[in-house]
Number of protein chains: 2
Amino acid sequence: MKISLEKTAHILKNADNIAILIHHFPDGDTIGCGYSLCRALQNQGKNVRVECADKVGDQYGYITENFKFDQFKPDFVVAVDVAAKSLLGDLKEKYPKIDLCIDHHSTNEFYAENTYVDSKSAAACEIVYELCKMLDGIDLVQASALYTGISTDTGCFKFSNTTAKTHRIAADLMDMGVDYAEINRIMFDTKSKARMQVEKDALNSIKFLCDNKVAIMTITKESRLSSGAKDSELEGITGLPRTIEGVILGITIRERDDTNICKISARSNPPVSASEFCARFGGGGHERAAGCEIKEPKENALKILSESAEKMFKELGLN
Amino acid sequence: MKISLEKTAHILKNADNIAILIHHFPDGDTIGCGYSLCRALQNQGKNVRVECADKVGDQYGYITENFKFDQFKPDFVVAVDVAAKSLLGDLKEKYPKIDLCIDHHSTNEFYAENTYVDSKSAAACEIVYELCKMLDGIDLVQASALYTGISTDTGCFKFSNTTAKTHRIAADLMDMGVDYAEINRIMFDTKSKARMQVEKDALNSIKFLCDNKVAIMTITKESRLSSGAKDSELEGITGLPRTIEGVILGITIRERDDTNICKISARSNPPVSASEFCARFGGGGHERAAGCEIKEPKENALKILSESAEKMFKELGLN
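1. A short note on the packing of aromatic side chains
Part 1 of the argument: The tally for this structure, following the rule as stated, stands at 11 aromatic pairs over all chains.
Part 2 of the argument: Ring centres of B:Phe67 and B:Phe69 lie 6.0 Å apart, and the angle between their planes is 40°; this geometry places the pair in the tilted category.
Part 3 of the argument: In textbook terms, an aromatic cluster arises when at least three aromatic residues are bridged by ring pairs, as seen for A:Tyr147, A:Phe157, B:Tyr147 and B:Phe157.
Part 4 of the argument: Between the NZ or CZ atom of A:Arg39 and the centre of the ring of A:Phe67, over which it lies, the distance is 5.9 Å.

2. Regarding the nonpolar core
Part 1 of the argument: Judged by nonpolar contacts, the single largest core of 113 residues is most densely connected at A:Ile20, A:Leu37, A:Ile102, B:Ile20, B:Leu37 and B:Ile102.
Part 2 of the argument: Among all residues touching B:Ile20, those that are not within four sequence positions of it are B:Gly34, B:Leu37, B:Cys38, B:Leu41, B:Val48, B:Arg49, B:Val50, B:Glu51, B:Val78 and B:Val80.
Part 3 of the argument: Residues A:Leu203, A:Ile237, A:Ile244 and B:Ile219 belong to the second largest nonpolar core, which totals 30 residues.

3. What to know about the interface of chain B and chain A
Part 1 of the argument: Counting residues at the interface gives 37 residues for chain B, matched by 38 residues for chain A.
Part 2 of the argument: Regarding the contact of chain B and chain A, the summed buried area is about 3,500 Å², with carbon and sulfur atoms giving 58% of it.
Part 3 of the argument: The interface formed by chain B and chain A contains 6 salt bridges.
Part 4 of the argument: A salt bridge links B:Asp172 to A:Arg168; the nearest nitrogen and oxygen atoms lie 2.8 Å apart.
Part 5 of the argument: For the pair chain B and chain A, the interface holds 20 residue pairs in polar contact (both at pLDDT 80 or more).
Part 6 of the argument: Looking at the side of chain B that touches chain A, the elements with two or more residues in it are α7 (164-175), α8 (180-188) and α9 (193-205) of chain B.
Part 7 of the argument: Among the elements that take part in the side of chain B that touches chain A, α7(B) stands out by supplying 8 residues, more than any other.
Part 8 of the argument: Across the side of chain B that touches chain A, the residue classes tally to 16 nonpolar, 11 polar and 10 charged.

4. Here we look at the sheet that holds strand β2 (residues 48-51) of chain B
All names here are of chain B.
Part 1 of the argument: Spatial ordering of the open sheet is given by β2-β1-β3-β4-β5, a layout of 5 strands whose pairing is parallel. Looking at which strands have only one partner, the edges of the open sheet turn out to be β2 and β5 (114-117). Averaged over all neighbouring strand pairs, the angle between strand axes comes to 20°, with direction disregarded.
Part 2 of the argument: Its contacts with the sheet place helix α1 (residues 5-13) against β3 (76-80), β4 (100-103) and β5, and it is angled at close to 135° to β4.

5. Brief notes about helix α5 (residues 124-135) of chain A
Residues and elements named next belong to chain A.
Part 1 of the argument: Spanning 12 residues, α5 covers 16 Å between terminal C-alpha atoms, matching the ideal 16 Å at 1.5 Å per step.
Part 2 of the argument: Within α5, 9 of the 12 residues are buried, which leaves the element mostly enclosed by the surrounding structure.
Part 3 of the argument: Along α5, the positions that sit buried rather than exposed are Ala124, Cys125, Glu126, Ile127, Val128, Tyr129, Leu131, Cys132 and Leu135.

6. Concerning helix α6 (residues 140-153) of chain B
Residue and element names in this part refer to chain B.
Part 1 of the argument: Compared with an ideal rise of 1.5 Å per residue, which puts 14 residues at 20 Å, α6 spans 20 Å between its outermost C-alpha atoms and is within 8% of the ideal.
Part 2 of the argument: By the criterion of burial, α6 is predominantly enclosed, with 11 of the 14 residues buried.
Part 3 of the argument: Buried within α6 we find Val141, Gln142, Ala143, Ser144, Ala145, Leu146, Tyr147, Thr148, Gly149, Ile150 and Ser151.
Part 4 of the argument: Check the buried side of α6 and you find it contacts α2 (28-42), α3 (61-64), α5 (124-135), α7 and α8.
Part 5 of the argument: Residue Asp139 occupies the N-cap position of α6, its side-chain oxygen lying 3.2 Å from the main-chain nitrogen of Val141.
Part 6 of the argument: Gly155 sits one or two positions beyond α6 and adopts a positive phi of about 60°.

7. Describing unusual backbone geometry
When glycine is set aside, most residues are seen to have a negative phi, and most peptide bonds are trans.
Part 1 of the argument: A cis geometry characterises the amide bond from A:Pro270 onward to A:Pro271, with omega recorded as 5°.
Part 2 of the argument: Although it is not a glycine, A:Phe157 adopts a positive phi angle of roughly 65°.
Part 3 of the argument: Its location among the elements puts A:Phe157 in the loop between α6 (140-153) and α7 (164-175).
Part 4 of the argument: A positive phi angle is found at B:Phe110, which is not glycine, with a value near 50°.
Part 5 of the argument: Tracing the sequence through the fold places B:Phe110 in the loop between β4 and β5.

8. Regarding the relation of the copies chain B and chain A
Part 1 of the argument: With an RMSD of 0.1 Å, the fit of chain B onto chain A corresponds to turning through 180° and sliding 0.0 Å along the axis. What the rotation and shift describe, once combined, is the action of a two-fold rotation axis.
Part 2 of the argument: The share of interface residues of chain B whose copies in chain A are also at the interface is 100%, consistent with both copies meeting through the same surface.

9. Considering the pattern of salt bridges
Where charged atoms of side chains with opposite charge meet at close range, the side chains can pair.
All names here are of chain A.
Part 1 of the argument: Tallied over the entire structure, the rule returns 50 salt bridges over all chains.
Part 2 of the argument: The residue Asp118 makes a salt bridge to Lys120 at a minimum N-O spacing of 3.6 Å.
Part 3 of the argument: On the basis of relative accessibility, which here comes to 14%, the residue Asp118 falls in the buried class.
Part 4 of the argument: Salt-bridge contacts for Arg256 lead to Glu293; the nearest nitrogen and oxygen are separated by 3.7 Å. With a gap of 37 residues between them, Arg256 in the loop between β8 (249-255) and β9 (262-268) and Glu293 in strand β11 (residues 289-294) connect regions that are remote in the sequence.
Part 5 of the argument: Through salt bridges that share partners, Arg49, Glu51 and Lys94 make up one connected network.

10. Details of the domain arrangement of chain A
Many analyses report the size of an interface as the accessible area lost when the parts associate.
Part 1 of the argument: Each domain of chain A was delimited in the assignment, giving domain 1 (5-188) and domain 2 (193-315).
Part 2 of the argument: A separation of 33 Å is found between the C-alpha centroids of domain 1 of chain A and domain 2 of chain A.

11. Description of the sheet that holds strand β10 (residues 284-285) of chain A
All names here are of chain A.
Part 1 of the argument: Taken in spatial order, the 6 strands of this open sheet run β6-β7-β8-β9-β11-β10, and their pairing is mixed. Looking along the sheet, the strands with just one partner apiece sit at the ends: β6 (207-209) and β10.
Part 2 of the argument: In this structure, β6 lies alongside strand β7 (residues 214-219), joined through 3 bridges in antiparallel fashion. Looking at β7, one finds that Leu209 is bridged to Val214.
Part 3 of the argument: In this fold helix α12 (residues 298-315) packs onto β6, β7, β8, β9 and β11, with an angle of close to 165° to the strand it touches most, β8.

Reading guide: rules and limits
- Residues numbered from 1 in each chain as written.
- Chains lettered and ligands numbered in written order.
- Predicted model: local features only at pLDDT ≥ 70, side-chain atom pairs only at ≥ 80, totals over all residues.
- Heavy atoms only, no water.
- Phe/Tyr/Trp six-rings, centres within 6.5 Å; stacked < 30°, edge-to-face > 60°.
- Lys NZ or Arg CZ within 6 Å of the ring centre and 35° of its normal.
- Core = buried A, V, L, I, M, F, W, Y, C linked by side-chain atoms within 4.5 Å.
- Buried < 20%, exposed > 50% of the residue type's maximum accessible area, 1.4 Å probe, protein only.
- Contact = heavy atoms within 4.5 Å.
- Buried area = accessible area lost by both parts, 1.4 Å probe.
- Salt bridge = Lys/Arg side-chain N within 4 Å of Asp/Glu carboxyl O.
- Polar contact = N/O pair within 3.5 Å; in protein donor to acceptor, adjacent residues only side chain to side chain.
- Helix = DSSP H or I, 4+ residues; strand = E, 2+ residues; numbered from the N terminus.
- Nonpolar A, V, L, I, M, F, W, Y, C, P; charged D, E, K, R; others polar.
- Pairing = 2+ DSSP bridges.
- Axes fitted to C-alpha atoms, helices over the stretch in contact; angles between N-to-C directions.
- Expected span 1.5 Å × (residues − 1).
- Least-squares fit on C-alpha atoms with pLDDT ≥ 70 in both.
- Domains from an automatic or database assignment.

What follows is the structure in structure tokens.
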């Protein structure tokens, strides 16, 4: 059932022995939500813990170090920033019944008994910020967690999901003393050595076509393995080719462990449609960010993609 | 004379035939200030133009395309975001007398007849935002220019100069309809092909020392010249080595046109002091960002810096 934020706060006030579930491959927003809500409920004297199917990254230590969780059998289960039950990973089986879900995804599948969704919120932390205010006020630990979620889900206020409200909440959290500069340094200005290695290899591979309007970058299996980069460390790397001035179609070829298969990501600027380009290979996605798969070794994939991009640009009169 | 913001608005209301001067090598903040103030005064029926010693970059076209300037002999000259007269470049001789200066640098040299400085403002555009509200309200052209200045001077709200007030002003400007996502894409997610080339070469050059706590990167003359990268395109590149996880001293060697001289930039995280490191070579700067010069070819500079970093890390017990 869809419920209001007031009702959500009311339900939480009456619950105890609470497990808060965050999504697998946890990011700043789900972590920020989970830990700030946990703190709010703990501050009311409740028994609460946060659970995740995967390990929370060390970079979030400034949040997690403030928490110690007791073992207990939960009477109430709440999922935060989790749009579908499958995103709980291994916790899906452990918790077949979810009592409450708090989320900002328009794709929420309403798997919980009660659900509060606000898809206008750039981050689920914007919702939990309002909720914490209703529950018990916000301390510095919560404020830091909430700022982290808001900052990471908006690319530090850069992306189009950012709203005026996002900024006003950030301002309120900063007034509470959040060390935002250090949080942003950790979140945005720190890359692993392995990521740097893959980026270097990928930059070396870039091919330009169509008068430099198309850039195709390859991430090889060899580069991934020799650097030791985990998938989580390569987040966002496919955005690189389109960041080059003048490029309106940026393509990334990612060689799979099975080197006869390549995962393709396309990013575009108007008038080029990334989803239309990927549809030519049975893929799809959004207008400016799409993907597909090509069951060929990387050299062939490069040739096929190059020819297809040249053809598309000719059709569009861009060549 | 130091004056209040109210007095600043009063003086501008009584002026006409106004030349607004912005600093040379113009950045988003000085451009945002100049053009938004120009618009505010034009909206009051005044004769106004913006002048700069250097060409305003094409990426700011969405601001400048809204302006056409007539030739006229100015009766009143105002400098915005210009801390010292020398920063006017060639305009310094053309305008020996500056009537008014509006700035946010604590280092302002008070060269104008009247000066309003607020060094707590992250961007001079925060001041001009308040000023425009006093003058004639803010239209979308002004709002876009002001957002640009605020966003660029704070690294998109990432840096420690950002305040809660900065966010609240950004929120107000977004309420006016600013296309912030597109502005941020142009300002932060667009790199020239030449910059990308130099970055690639520089990443290829990185040497790690002291258990990966020190990273030394070299930008060669050859890379600069063959890529065709202008100095303005290489802004911020010296921050790269320190962004690598675990690196607490990131050093950049920049080979000069005279290849017997290298410009050195150091960036550090605690407990390492970049200024203390650079002081060993007669340089200096801030605790976390400093510089010096080494009058040796790049290979020798690399050797000298490596030995010095290892010695410093041993002294600090970090090795």
